[in-house]
Amino acid sequence: MTNRFNLWVFILLAGLAVDAMAEETAPKEEAASGSLQRFNKAYQAYLYGRYERALADFELAADQATSPELLGRIYLHIGLTQTILKETVKAERALRWAVIYQPKLQLDPAKYKPVIVKTVERLVAEAATRVKVDADTHGASIYLQGKLLGSVPLQIQLAPGAYRIEVQDPSGHLRAQHVVIDKEREIALRFRFNEKAAARTRQVNPARTSGSTSATTLTATPTTADSTRSGRLWTWVALGGAV
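Residues numbered from 1 in each chain as written. Predicted model: local features only at pLDDT ≥ 70, side-chain atom pairs only at ≥ 80, totals over all residues. Heavy atoms only, no water.

### Thoughts on the overall build of the protein chain
- Looking only at helices and strands, the protein chain features nine helices and nine strands.
- Sorting the 243 residues of the protein chain into buried and exposed places 40% on the buried side.
- Counted over contacts in the protein chain with a minimum sequence separation of 6, partners at least 24 positions apart contribute 53%.
- Accessible area for the protein chain stands at about 13600 Å²; split by element, carbon and sulfur atoms hold 55% of it. (Helix = DSSP H or I, 4+ residues; strand = E, 2+ residues; numbered from the N terminus. Buried < 20%, exposed > 50% of the residue type's maximum accessible area, 1.4 Å probe, protein only. Contact = heavy atoms within 4.5 Å. Areas by Shrake-Rupley, 256 points an atom, 1.4 Å probe, with all protein chains shown as cover.)

### With respect to the packing of aromatic side chains
- This model, assessed by the stated rule, comprises eight aromatic pairs.
- Note on Y46 and Y51: the rings are 5.8 Å apart at their centroids and 75 degrees apart in plane angle, and the pair reads as edge-to-face.
- Three or more aromatic residues joined by ring pairs form one cluster here, namely F39, Y43, Y46, Y51 and F58.
- Between K147 and the ring centre of W97, over which it is positioned, the NZ or CZ distance is 5.4 Å. (Phe/Tyr/Trp six-rings, centres within 6.5 Å; stacked < 30°, edge-to-face > 60°. Lys NZ or Arg CZ within 6 Å of the ring centre and 35° of its normal.)

### Some words on helix α6 (residues 88–101)
- End to end, α6 covers 20 Å across 14 residues, agreeing with the expected 20 Å (1.5 Å per residue, within 8%).
- Close packing links the buried residues of α6 with α5 (68–84), α7 (114–126), β2 (141–144), β3 (147–151) and β4 (154–158). (Expected span 1.5 Å × (residues − 1).)

### Looking at the pattern of salt bridges
- This structure, assessed with the given rule, holds ten salt bridges.
- Close ionic contact of R53 with D57 constitutes a salt bridge, the shortest N to O distance being 3.1 Å. Highlighted residues: R53 and D57, both in helix α4 (residues 51–64), separated by four residues, approximately one helical turn.
- For R53, a relative accessible area of 43% corresponds to the partly exposed category.
- What makes D57 buried here is its relative accessible area of 0%. (Salt bridge = Lys/Arg side-chain N within 4 Å of Asp/Glu carboxyl O.)

### Regarding α4
- The first and last C-alpha atoms of α4 sit 20 Å apart over 14 residues, in line with the 20 Å expected at 1.5 Å per residue.
- Looking at the buried side of α4, the elements it contacts are α3 (34–47) and α5.

### With respect to the sheet that holds strand β7 (residues 186–191)
- Taking strand neighbours across the sheet as the criterion, the three strands line up as β4-β1-β7 in an open arrangement whose pairing is mixed. Each having just a single partner strand, β4 and β7 make up the two edges of the open sheet. Strand-to-strand, the axes of this sheet are offset by a mean angle of 25 degrees, without reference to chain direction.
- Summarising the sheet, strand β1 (residues 129–135) and β4 pair through five bridges and their orientation is antiparallel. Bridging from a neighbouring strand, V133 pairs with L154 of β4. (Pairing = 2+ DSSP bridges. Axes fitted to C-alpha atoms, helices over the stretch in contact; angles between N-to-C directions.)

### Quick notes on the environment of N40
- With respect to the helices and strands, the residue N40 is situated in helix α3.
- Look at N40 and you get buried, because its relative accessible area is 8%.
- Considering only alpha carbons, one finds N40 and A61, 21 residues apart in sequence, at a separation of 9.2 Å.

### So, the confidence of the model for the protein chain
- Model confidence for the protein chain is summarised by a mean pLDDT of 76, while 66% of its residues fall at 70 or above.
- With pLDDT under 50 throughout, residues 9–29 is counted as low confidence; its partners more than four residues away or in other chains account for 21 contacts. (pLDDT = per-residue confidence, 0-100.)

### Some details on empty space enclosed by the protein
- In the structure shown here, the tally under the stated rule is one cavity of 30 Å³ or more.
- There is about 30 Å³ of room inside the largest cavity.
- Those elements giving two or more residues to the lining of the largest cavity turn out to be α6 and β4.
- Considering each element in turn, the lining of the largest cavity owes the most residues, three residues, to α6. (1 Å grid on protein atoms, 1.4 Å probe; cavity = no way out; pocket = protein on both sides within 12 Å on 5 of 7 lines; lining within 4 Å. Points joined across faces, edges and corners; volume = space filled by probe spheres on them.)

Below, the structure is given as structure tokens:
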């Protein structure tokens, strides 16, 4: 009985310590919102082994959070929880998002299972393409696959694959580009919200670095009807192949 009581006291104290650390390190705007409280609630459920409940709250926290630091921590714990629940594919997807938000993510092998540590190390290594995103307006928000990343200018690191990158200016206008990454090491994307600039055909020119492959760029400028209907600028970037 005494040992069991001591165990519960230890878990409670550990949870309180985590809460205090989260409050101390989280950005002020996050501490003032419900996302940090939701994350702490999810972590408490995680500590007590209520993994389904923890996962639901982690996902709600991800929907509410806006800071890359907190989002990185949230997706890391989503991945950890899904690994425990044996949702392997979903766990890797969540860990990939954790790496996107925290490109230099490293896990202590003494605290995490080897399979998690190796997965994160692999995902960090795969995210070798630097994508620089900028716009001709200040305060524009950047979204990747519909998830908020931050504001311009911003550099992100991505693994090979197809991505939809959106930028929304403070007045709500949206521009989008579809990017296919192969082996290119650096890509520069600039979104234009100026009416005259956006109406002109433009190209995205990936910066060439040593060891990078040849790049082919295809550009499509929306028609007036398309621009009125969606307010989006579509640019297709196909990398790594010769026409």
